[in-house]
Structures are given as structure tokens and as C-alpha cells.
Amino acid sequence: MPGEPQDDCLFCKIVEGHIPATIVRETDTTVAFRDINPQAPTHVLVIPKVHYENAAALATAEPAIAGDVLREAQSVADEDKLESYRIVFNTGAGAGQTVFHAHAHVLGGRGLEWPPG
């Protein structure tokens, strides 16, 4: 059921503390942690504690929590003293989404050319 923790979801397991992660921030509704395969000097994932497959599903069902994810992305950038950064939401396997729990990638600390890949 949307919003409920999923037994087979890596990010739900991180939220529940069953899988370790390098957590940099946590709020009542979000967790932010370092990516295990960073693509930039700062590469942090910001996830909602509730489970939704992607950002669009989260925004439709719980827009306030989607806003929390974006606010936390800004807080991550502020803490890492990033003047410029990118927030990326991948949606679907064809776009590179590998964990089907909504999450934002916060990338910065190096030049980020456009368009990416």
C-alpha cells in the first residue's frame, strides 16, 4: 500500500535503521544520507520516510512531504557550503531509477555540465 514501509525496499530499511547509511540529516518526515557510489564530491540522497514509488507519486499523495524533501535538499546544500548544485529525481528504470522509493539526489562540489549524460 502506498505510504506504508515495504519489506523489499532498501530505502525503507534505511529509514527503519535495519541497513546502515551515512546519515547527514534527519527530520520527522525525511532522511538524508551519502550515496554509496557518489557522482560528485557532494552526492546526498534525500528520501521521504513514507514509501512512494517516485517523486510524482509522492507529490500527488503527500505534497507537504514532497516539499519537505526539497527543503532538506537545500539544507544539505547549505551544510556542504555549495554555491551551485543540482537536485535530480529519476523516475523509472529508463531514467536510471534503481530504488523505487522516491528520492532526490543532491549533487554539487564540481562543475555540472548540461545536459547530463
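Data block above holds the structure.
Scope of this entry: the structure provided in the associated data block. In this text, all values refer to a predicted model and were calculated from it rather than measured experimentally.

Scanning the protein chain for helices and strands turns up three helices and five strands. Along its sequence from the N terminus, the protein chain presents helices and strands in the succession α-β-β-β-α-α-β-β. Taken over C-alpha atoms, the radius of gyration comes to 13 Å for the protein chain, in line with the 13 Å a tight globule of 117 residues would show. The principal-axis extents of the C-alpha atoms in the protein chain amount to approximately 40 × 30 × 25 Å. For the protein chain, the proportion of its 117 residues judged to be buried stands at 39%. Contacts in the protein chain between residues far apart in sequence, at least 24 positions, make up 51% of those at least 6 positions apart. Carbon and sulfur atoms form 53% of the exposed surface of the protein chain, whose accessible area is close to 6,700 Å². Counting 8 positive and 16 negative side-chain charges, the protein chain places the averaged centre of each group 7 Å from the other.

Note on placement: Gly-92 falls in the loop between β4 (85–88) and β5 (104–108). C-alpha separation for the pair Gly-92 and Glu-53, spaced 39 residues apart in sequence, amounts to 9.0 Å. Other than its neighbours up to four places away in sequence, Gly-92 contacts Gln-97 and Phe-100.

By the definition in use, this model includes zero disulfides. Free cysteine Cys-9: the closest other cysteine sulfur is in Cys-12, separated by 3.7 Å. Assessed through its relative accessible area of 6%, Cys-9 is described here as buried. Among the residues examined, Cys-12 registers a relative accessible area of 2% and is labelled buried.

Now for the pattern of salt bridges. Counted under the stated rule, the structure contains five salt bridges. A salt bridge links Lys-49 to Glu-26; the nearest nitrogen and oxygen atoms lie 2.9 Å apart. Of this pair, Lys-49 sits in the loop between β3 (42–48) and α2 (55–61) while Glu-26 sits in strand β1 (residues 23–26), and the two are 23 residues apart along the sequence. By relative accessible area, Lys-49 is classed as partly exposed at 26%. For Glu-26, a relative accessible area of 48% corresponds to the partly exposed category.

So, how was this worked out
Residues numbered from 1 in each chain as written. Predicted model: local features only at pLDDT ≥ 70, side-chain atom pairs only at ≥ 80, totals over all residues. Heavy atoms only, no water. Helix = DSSP H or I, 4+ residues; strand = E, 2+ residues; numbered from the N terminus. Rg over C-alpha atoms; globule rule 2.2 N^0.38 Å. Buried < 20%, exposed > 50% of the residue type's maximum accessible area, 1.4 Å probe, protein only. Contact = heavy atoms within 4.5 Å. Areas by Shrake-Rupley, 256 points an atom, 1.4 Å probe, with all protein chains shown as cover. Lys, Arg positive; Asp, Glu negative; His and termini not counted. Charge placed at Lys NZ, Arg CZ, Asp CG, Glu CD. Disulfide = S-S within 2.5 Å. Salt bridge = Lys/Arg side-chain N within 4 Å of Asp/Glu carboxyl O.

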